[in-house]
Amino acid sequence: MKKEKYLSVLSNASENAITYYVGENENDVKHLKNCSLICKESFHPHLENVTIIRSKNPQLEFYKLSEKYKKNYLEENKLKFIDGYYLHKDAVIGNNVIIGKGCVIGKCIIQDNVHIHPNVIVYAETKIMTNVVVEANTVVGAEGVMWVWDEDKRVYLHQLGGVVIEKNCRIGSNVTIVRGSANENTIIGEGTCMAHGTLVGHGSIIGKNNHFANNVSLGGGVSICDSCFFSSGVVLSAGCTIEKIILVGSGGVIKGNIKKPGVYVGVPAKWIKPFSGKLSGVPKMI
């Protein structure tokens, strides 16, 4: 049986994928096989079994194409009202799961011993592993806002990925976790704590045992190693990567790649001293 085509971010593109690339470095696309690549008119890579689609604006063409592949992440006609909340008929719910009043649970997987507080929305393509708590008014799997200009109008990307919340996480109230932009997942690593008001952008990969104080904001595509601590109001700019354990002081803004462990403060955040793991109010993580 012939496999259906699907939209993919460049890094995950495999057989039957449709992806896009706006650069001109052949090394960035050499992993592609048996798929379609939307690229600049000036780009001529030497790729076997890859269909090349040239465009003045590859990103715009990809975003337009997402309209064809968009999904209904709630499928309201398949929601059933049970005990004060809405549940998709094909959702997979484990043992000892508590779901509060006013929740809307889409076609997702929720494993054992999960407690979902009132008025939470969980969209399709979400997997919540064991022993997770999700507090009130949180949204898991939201569609973020990604767009490009087509002359004088915006063209939005219909985001088609998912969310994975690994075991033993605690997600606070009024948190929003955006799903992956194409075929990738946003991942919240095992044992991570996320206080109220935190915002997680599309496709972010958060390692194990991270701590986010209130109102931390992550742009899309952020990558964080294990065991970091982010104080209130920290901002992590889109695409930044944290490779070593750090603590960021309140209101700090992280940009680019962080390779040196320690304490960072300021806008943009700068390294000020090593992190001993014994700072006041900070759990010992190393």
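Quick caveat, the model's predicted, so the values are computed rather than measured.

Rules used throughout
Residues numbered from 1 in each chain as written. Predicted model: local features only at pLDDT ≥ 70, side-chain atom pairs only at ≥ 80, totals over all residues. Heavy atoms only, no water. Helix = DSSP H or I, 4+ residues; strand = E, 2+ residues; numbered from the N terminus. Buried < 20%, exposed > 50% of the residue type's maximum accessible area, 1.4 Å probe, protein only. Polar contact = N/O pair within 3.5 Å; in protein donor to acceptor, adjacent residues only side chain to side chain. Contact = heavy atoms within 4.5 Å. Pairing = 2+ DSSP bridges. Axes fitted to C-alpha atoms, helices over the stretch in contact; angles between N-to-C directions. Expected span 1.5 Å × (residues − 1). Salt bridge = Lys/Arg side-chain N within 4 Å of Asp/Glu carboxyl O. Disulfide = S-S within 2.5 Å.

Attention shifts here to the side chain of T192. Locating T192 in the fold gives a position in the loop between strand 21 (185-188) and strand 22 (193-194). Judged by relative accessible area, T192 falls into the buried class, the value being 0%. Only 3.3 Å separates the side chain of T192 from the backbone nitrogen of N210, close enough to count as a polar contact. Those residues in contact with T192 that lie beyond four places of it in its chain are N168, C169, R170, I206, G207, K208, N209, N210 and F212.

With that settled, consider the sheet that holds strand 1 (residues 6-7). Strands belonging to one sheet form pairs held by backbone hydrogen bonds; the direction of such a pair is parallel or antiparallel. Across the sheet, 4 strands lie side by side as 1-2-3-4; this open sheet has parallel pairing. Of all the strands in the sheet, the pair left with one neighbour each is strand 1 and strand 4 (50-55). Note: strand 3 (residues 35-40) against strand 4, 6 bridges, orientation parallel. From the neighbouring strand, C35 faces strand 4, where its bridge partner is V50. Taken strand by strand, helix 1 (residues 58-69) contacts strand 1, strand 2 (17-20), strand 3 and strand 4, and its axis lies near 145 degrees from that of strand 2.

With 12 residues, helix 1 ought to run about 16 Å at 1.5 Å a step, and its terminal C-alpha atoms sit 17 Å apart, in line with that. Buried residues in helix 1 make contact with strand 1, strand 2, strand 3, strand 4, strand 16 (147-150) and strand 17 (153-156).

In this section: the pattern of salt bridges. Scanning the model with the defined rule gives 7 salt bridges in all. Across the pair D90 and K89 runs a salt bridge whose closest N-O atoms are separated by 3.4 Å. When the shortest N-O distance is used, the salt bridge between E135 and R170 registers 2.9 Å. Of this pair, E135 sits in the loop between strand 14 (133-134) and strand 15 (139-142) while R170 sits in strand 19 (residues 170-171), placing them 35 residues apart in sequence. Note on R170: relative accessible area 40%, which makes it partly exposed.

Looking now at the state of the cysteines. Inspection of every chain in the model, using the stated rule, returns 0 disulfides. The thiol sulfur of C35 is not disulfide-bonded, and the nearest other cysteine sulfur, from C39, lies at 11 Å. In this structure C225 is not part of a disulfide, and its nearest cysteine sulfur, from C228, lies 3.7 Å away. For C225, a relative accessible area of 17% translates into the label buried.

At the junction of V267 and P268, the peptide bond is cis and its omega measures out at -10 degrees in the coordinates. Among the structural elements, P268 can be located in the loop between strand 34 (262-265) and strand 35 (270-273). For E125, which is not a glycine, the phi torsion comes out positive at approximately 65 degrees. Tracing the chain through its elements places E125 in the loop between strand 12 (121-122) and strand 13 (126-128). Residue E125 is classed as partly exposed on the basis of its relative accessible area of 42%. Positive phi, normally seen in glycine, also occurs at N137, with a value near 70 degrees.

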